[in-house]
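Examination of the molecular architecture
Here is what each chain is made of, one letter per residue.
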Amino acid sequence: AHVSFDSSALKKFVHPNELGEMQAMVNAADDELRKGTGAGADFRDWLHLPSDYDQEEFSRIKKAAAKIKDDSDVLVVIGIGGSYLGARMAIDFLHNSFYQAQAAADRKNPLVLFAGNSLSSSYVYDLIELIGDRDFSVNVISKSGTTTEPSIAFRIFKQKLIDKYGEEEANHRIYATTDQKRGALKSEADDAGWETFVIPDGVGGRYSVLSAVGLLPIAASGADIDKLMEGAAAAEHTYVDPDLTKNEAYQYAAYRNILYRKGYETELLENYEPNMTMFAEWWKQLAGESEGKDQKGIYPSSANFTTDLHSLGQYIQEGRRFLMETVVKLDQPNHDLTIPEAKSNLDGLEYLQGKNMDWVNTKAYEAVVAAHTTGGVPVMTVHIDKEDEYTLGYLIYFFEVAIAISGYLNGINPFNQPGVEAYKTNMFGLLGKPGYEEIGDQLRKEMAD
Ligand code: PA5
């Protein structure tokens with residue numbers, strides 16, 4: 001299998017009966033998801049995106065990616081949250097660890113740089129400096145078209161495009177990924193004649209990486225989006241049977257809920273490959289925004305190993321006992337290295353001479369699983385056999401379907417995100433957005449008290 005789930009380290013924490021005991025609940029969750037009887041049923045279209053997507057749009061995405069490669073040294077991808085993290089993690093996962101430096105050096109593919117995912121002015125300034133007089137295009141991604149962070153960044157980069165190329169050519173360098181019919185960005189795109197791509201109505205931001213949201217930037221980076229979709233389609237087919245003895249994505253959902261109910265309330269997603277750091281960021285949004293509501297839900301966090309074994313490792317081993325861990329373990333690295341012989345053994349590494357570095361990495365993983373298990377931290381592992389497009393598509397789907405089932409197991413609507421509005425309302429009040437004056441006055445008063 002390209003992706004496999006390993007629960008063998010849970011023996012100390014979960015009795016063998018417990019998984020079976022979850023089957024009835026998993027069946028109910030599966031019904032809610034597949035039959036649409038659960039909350040949030042309008043947002044399940046991601047379930048069939050890999051097997052049933054718009055082919056015409058898919059080929060337009062490839063054409064746009066080819067044009068960007070041809071006429072741009074830099075693609076600025078503007079978006080936040082679900083309109084950002086999928087492309088960001090995929091590009092890291094699929095390419096050379098130093099993709100941007102390599103892209104700048106060999107100029108085969110554009111640098112893919114992200115904006116609109118914070119309100120830092122220095123970041124935008126630095127990005128403009130970096131672009132310098134390089135040719136660039138912009139892919140603005142926003143379902144609503146009104147999110148503050150990407151809207152501000154888009155204004156700035158749109159103006160930069162117009163300054164550099166004039167309005168007409170600028171319009172040929174803007175690609176807008178947005179709602180099909182509604183939204184401010186859609187109207188502006190239609191007026192200006194930008195090429196547009198669709199964020200389907202029934203696909204929420206955190207479930208959108210396999211739509212144009214992720215696919216255009218990923219394709220522009222030179223990755224193979226056909227293979228990505230093929231892998232996801234294979235997973236769609238694999239994870240369809242609710243039987244827990246057969247469905248490993250559902251097993252993962254069930255185990256993390258068993259553990260959650262025993263007090264393991266925070267889950268660390270871990271890797272042993274630095275280029276999966278952003279994968280954990282994507283997963284954190286998927287899990288956190290889906291499950292953290294109604295005053296409950298597993299808190300998703302992450303750690304990068306072996307790096308963080310030298311920082312967070314102490315806490316994980318001996319701190320407060322509320323953590324569970326899920327390792328995404330790569331079984332076959334793209335490249336391996338042999339530890340060389342040396343003249344002396346002053347570094348004490350003679351015993352590793354001639355061994356592969358990845359073998360050492362894997363031994364580290366095994367040692368950590370054993371140590372954390374002894375220390376009282378349950379560890380699950382999702383093995384992936386390669387870091388390629390097919391496997392990533394498979395892995396994305398594994399987590400998407402697992403988190404949806406997990407949310408229903410915990411009795412919440414996994415597809416809404418009412419909580420992300422609270423800060424926005426306050427921010428609009430403080431910024432003086434028309435219609436929010438009263439909230440602004442109220443907040444200023446509270447802050448003065
Ligand atoms: O998952 C979500 O809904 C959010 O993270 C959104 O993706 C994020 O707020 C960006 O929204 P929009 O695409 O409307 O700009």
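A brief structural summary. Owing to the predicted nature of the structure, the values given are computational and were not obtained by experimental measurement.

1. Digging into the packing of helix α3 (residues 55-71) against helix α9 (residues 212-220)
The interhelical angle for the contact between α3 and α9, taken along N-to-C directions, is 35 degrees, at an axis separation of 8 Å. Between α3 and α9 lies a crossing whose hand is right-handed. Packed against α3, whose contacting residues are Glu 57, Ile 61, Lys 62, Ala 64, Ala 65, Ile 68 and Lys 69, the element α9 presents Ala 212, Leu 215, Leu 216, Ala 219 and Ala 220 at the interface. Here the residues of the contact of α3 with α9 sort into nine nonpolar, no polar and three charged.

2. A short note on the site of the ligand
Taken together, 14 residues are adjacent to the ligand, and Gly 81, Gly 82, Ser 144, Thr 147 and Gly 205 come closest. Classifying every residue of the shell around the ligand by side-chain character gives two nonpolar, nine polar and three charged.

3. Side note on the packing of helix α12 (residues 277-291) against helix α15 (residues 389-409)
Here α12 crosses α15 at 20 degrees, and the two axes come no closer than 9 Å. On the basis of the axis angle, α12 is roughly parallel to α15. As for how α12 packs across α15, the hand of that crossing is right-handed. Mapping the contact onto sequence places Trp 283, Leu 286, Ala 287, Ser 290 and Glu 291 in α12 and Phe 399, Glu 400, Ile 403, Ser 406 and Gly 407 in α15. The residue makeup of the contact of α12 with α15, split by class, is five nonpolar, three polar and two charged.

4. Describing the environment of Gly 193
Its location among the elements puts Gly 193 in the loop between α8 (184-192) and β6 (195-199). With 11 C-beta atoms packed within 10 Å, Gly 193 lands in the exposed category. Along the chain, Gly 193 and Glu 168 lie 25 residues apart, while their C-alpha atoms are 9.5 Å from each other.

5. A word on α8
For α8, the complete set of buried residues consists of Leu 185, Lys 186 and Ala 189. Each buried residue of α8 lies within a common arc of 100 degrees when the element is viewed along its axis, so the set occupies one face. Buried residues along α8 sit against β4 (136-142), β5 (174-179) and β6. Of the residues one or two after α8, Gly 193 is the one with positive phi, at around 80 degrees.

6. Focus on the sheet that holds strand β3 (residues 111-115)
As summarised here, the arrangement of the five strands in space is β3-β2-β4-β5-β6, forming an open sheet in which the pairing is parallel. The sheet is open, and its two edges are formed by β3 and β6, each paired on a single side. The average angle at which neighbouring strand axes cross in this sheet is 20 degrees, direction not considered.

How each quantity is defined
Residues numbered from 1 in each chain as written. Predicted model: local features only at pLDDT ≥ 70, side-chain atom pairs only at ≥ 80, totals over all residues. Axes fitted to C-alpha atoms, helices over the stretch in contact; angles between N-to-C directions. Helix = DSSP H or I, 4+ residues; strand = E, 2+ residues; numbered from the N terminus. Left-handed = near helix turned anticlockwise from the far one by under 90°. Contact = placed C-beta atoms within 7 Å. Nonpolar A, V, L, I, M, F, W, Y, C, P; charged D, E, K, R; others polar. Near = placed C-beta within 6 Å. Parallel < 35°, antiparallel > 145°, perpendicular 65-115°, else oblique. Buried ≥ 20, exposed ≤ 12 C-beta atoms within 10 Å, placed from the backbone. Arc of directions from axis to C-beta. Pairing = 2+ DSSP bridges.

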